[in-house]
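So you can see what is in the structure, the chains are spelled out below.
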Amino acid sequence: MMGCAGVAIPLWITAAETAQTRSVVLDNVRIIDGGGAPPIENGRIVIEGDRIARVGPAATIGVPAGAETVDLSGRTVIPGLIDSHFHIENDAKLALRQLSHGVTSFRDPGQWDEKFDELRRMIAADGIPGPRIFTTGPHIDGEGPAYPADSVVARDAEEARRHAEESVRRGASALKIYYRLPFASAKAVIDVCDARRIPCTAHLELLDARELIAAGLHGLEHVTSFGVSLLPRSEAEAYRQAVLKSNDARRDGRYRLFAGADLDGPQAQALYAVLRERKPFLDATLAVFERRPPSPGGLGGTSPLSPPAPPGSGGISPPEAAKPDVTPMHVAGFAKMKQLTRRAGREGARVVVGGHTEVPFAERGEAPWREMELLVESGFSPLEAISAATSTAAAFLYRGHQLGSLRAGFAADLVVLRGQPDRDVSAIRTVDRVMVAGRWIDTARYRQY
Ligand SMILES: [Zn+2]
């Protein structure tokens, strides 16, 4: 399995050296456009300034006079990856490490705007055009918030509306509902999003996803946000009361909930009907929930460090600090989360890729890659996983007309790979070069971050 430590061709061009009017031609390259189409085997991409000018089979695309041509024989190019769920916390360098892994855009689903100052400063100091940063402002939560430091608390619908308007005023390009927000307040936030033409996303545990989606919610973070909508009413209420009493009740509780959930039962069928009708975005964040079965008779019993890493994992064991509890219940619960993600995709949910920053079975900065592998393990095709990380994620940013596809007129954000991720999605780990807004990034440098 290939890691990310391959030899990168140094190709960093400083701002001063980049003539914006000059054309760059990526030649003899396999092109995966991000929209789900089969690859163009012998393709050509013409980039002018920060945009893609032309894309297609080499035989049909002319080379502009004076263009700089880069021969990418044997390489595959895909749109820059978009991580729909990246928590910056206090680690600006991690965003740049992810950039070296091909993540040219990310959305942080709940944070104060000041937390991005350091990253913005580093981007400006290095004179690079990315990663593109999308923010939501802090979570809009109810009383007893799950993450007090990252939240604003709304006590009623009017407070929720005011918090929502304030976050938009300060630059949020989406808003995030957190699970203690009561329904009327959540609806007030959705209404602000509709008025401001931005998406509203949510982490749900206490509210029923069916009701929120029917009320206009655009997206969901975590497949576990479907939790209570899968249960008979009395069981859903028992789970709600446990989480209302203690936010920690969801940690094991959601694995137990999923392990016992009936994905063909009447509650699930009602959920699928809403998904078919409304087609919300689903940012499943499977990688953060990943639990692997203990090795049979292996050393250390249930430790996730003991079993050999399965195919597609890049040979990765989790760092000791991230070692999760693993019991058969956790393993069964996680298997059901993957099944529901696939089923939701078939029923109409538009699945995107959110890496969730730090996850048990990915090394630093590799969570989005692991999420793509888990989508394929769940039954998505590799091309579907690539679309989830590119064109569908761009649509969830409401930037589907600018980002996430290798099409004429779109931003020239792209990743050159040594492997073929349409055949084996783990080839997403074979990043050779990364371009943002028409400029090559010094990947070797940011891999040290
Ligand atoms: Zn999160």
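Every value quoted in this text rests on a predicted model; they were computed, and no experiment measured them.

Further remarks concern the overall build of the chain. On a plain count of helices and strands, the chain comes out with 14 helices and 18 strands. The 449 residues of the chain split such that 59% are buried. In the chain, the proportion of contacts linking residues at least 24 apart, taken out of those at least 6 apart, comes to 71%. Here the chain has roughly 17,200 Å² of accessible surface; of this, 52% comes from carbon and sulfur atoms.

Below, the discussion takes up the coordination of the zinc ion. Protein coordination at the zinc ion: the donors are His85 (NE2), His87 (NE2) and His356 (NE2), at 2.0 to 2.7 Å from the metal. Along the chain, the residues that donate to the zinc ion are spaced as H-x1-H-x268-H. Residue His85 is located in the loop between strand E6 (81-83) and helix H1 (92-100), and its partner His356 is located in the loop between strand E15 (350-352) and helix H11 (367-377); the two are separated by 271 residues in the primary sequence.

Glancing now at helix H7 (residues 249-260). Taking 1.5 Å of rise per residue, 12 residues should cover 16 Å, and H7 covers 16 Å from first to last C-alpha, within 8% of that figure. Those residues of H7 lying buried are Arg250, Gly253, Arg254, Tyr255, Leu257 and Phe258. Packed against the buried residues of H7 are helix H6 (233-245), helix H9 (286-289) and helix H10 (328-347).

Let us now look at the nonpolar core. Core analysis: the largest hydrophobic core is formed by 101 residues, its most contacted members being Leu96, Leu175, Ile177, Val189, Leu217 and Phe226. Setting aside anything within four residues of it in sequence, one finds Ile177 in contact with Ile140, Ala186, Val189, Ile190, Cys200, Thr201, Ala202, His203, Leu212 and Leu217. Ile52, Val77, Val416 and Met435 belong to the second-largest nonpolar core, a separate cluster that totals 16 residues.

Here the focus is the pattern of salt bridges. With the rule as written, the count across this model stands at 30 salt bridges. Linking Asp422 and Arg30 is a salt bridge whose minimum nitrogen-to-oxygen distance equals 2.8 Å. Taken together, the residues Asp422 in the loop between strand E16 (414-417) and strand E17 (431-436) and Arg30 in strand E1 (residues 23-31) connect sequence positions 392 residues apart. Like Asp422, the residue Arg30 is buried in the burial classification. Two residues, Arg196 and Glu165, come together in a salt bridge whose shortest N-O distance is 2.9 Å. One end of the pair, Arg196, is in helix H4 (residues 183-196); the other, Glu165, is in helix H3 (residues 157-169), and 31 residues separate them in sequence. Bridged by salt links that share partners, the residues Glu290, Arg292, Lys338, Glu366, Arg370, Glu373, Glu377 and Arg429 form one connected network.

On average, residues of the chain score 91 in pLDDT, and 89% of them reach the 70 mark or higher. Contacts for the low-pLDDT stretch residues 1-20, under 50 throughout, to residues beyond four places or in other chains number 41 contacts. Below pLDDT 50 for its whole length, residues 298-318 participates in 46 contacts with residues either more than four positions away or in separate chains.

Quick look at empty space enclosed by the protein now. Counted by the stated rule, this structure contains 2 cavities of 30 Å³ or more. The calculated volume of the largest cavity comes to roughly 60 Å³. Residue lining of the largest cavity: Pro79, Gly80, Ile82, Thr104, Ser105, Gln402, Leu403, Gly404, Ser405, Phe410, Ala411 and Asp413, and that is the complete set. Looking at the lining of the largest cavity residue by residue, the classes come out as 5 nonpolar, 6 polar and 1 charged.

Now for the layout of surface pockets. Considering only enclosed or pocket space, the second largest pocket measures out at about 250 Å³ in volume. Listed by contribution, the elements that provide at least two residues to the lining of the second largest pocket are helix H5 (209-214) and H6. Among the elements that line the lining of the second largest pocket, the one with the most residues is H6, at 4 residues. Taken together, the residues that form the lining of the second largest pocket break down as 7 nonpolar, 1 polar and 6 charged.

Looking along the chain, the bond that leaves Gly130 and enters Pro131 is cis, with omega of 5°. Relative to the assigned elements, Pro131 resides in the loop between helix H2 (117-126) and strand E8 (132-135). Phi is positive for Asn28, which is not a glycine, with a value near 55°. Positionally, Asn28 belongs in strand E1. The backbone of Thr285 shows a phi angle near 45°, a positive value even though the residue is not glycine. When you line up the elements, Thr285 lands in the loop between strand E14 (281-283) and H9. According to the relative accessible area criterion, Thr285 is buried, its value standing at 1%.

Each value, and the rule that gives it
- Residues numbered from 1 in each chain as written.
- Predicted model: local features only at pLDDT ≥ 70, side-chain atom pairs only at ≥ 80, totals over all residues.
- Heavy atoms only, no water.
- Helix = DSSP H or I, 4+ residues; strand = E, 2+ residues; numbered from the N terminus.
- Buried < 20%, exposed > 50% of the residue type's maximum accessible area, 1.4 Å probe, protein only.
- Contact = heavy atoms within 4.5 Å.
- Areas by Shrake-Rupley, 256 points an atom, 1.4 Å probe, with all protein chains shown as cover.
- Donors = N, O, S within 2.8 Å, 3.2 Å for Na, K, Ca; no water.
- Expected span 1.5 Å × (residues − 1).
- Core = buried A, V, L, I, M, F, W, Y, C linked by side-chain atoms within 4.5 Å.
- Salt bridge = Lys/Arg side-chain N within 4 Å of Asp/Glu carboxyl O.
- pLDDT = per-residue confidence, 0-100.
- 1 Å grid on protein atoms, 1.4 Å probe; cavity = no way out; pocket = protein on both sides within 12 Å on 5 of 7 lines; lining within 4 Å.
- Points joined across faces, edges and corners; volume = space filled by probe spheres on them.
- Nonpolar A, V, L, I, M, F, W, Y, C, P; charged D, E, K, R; others polar.

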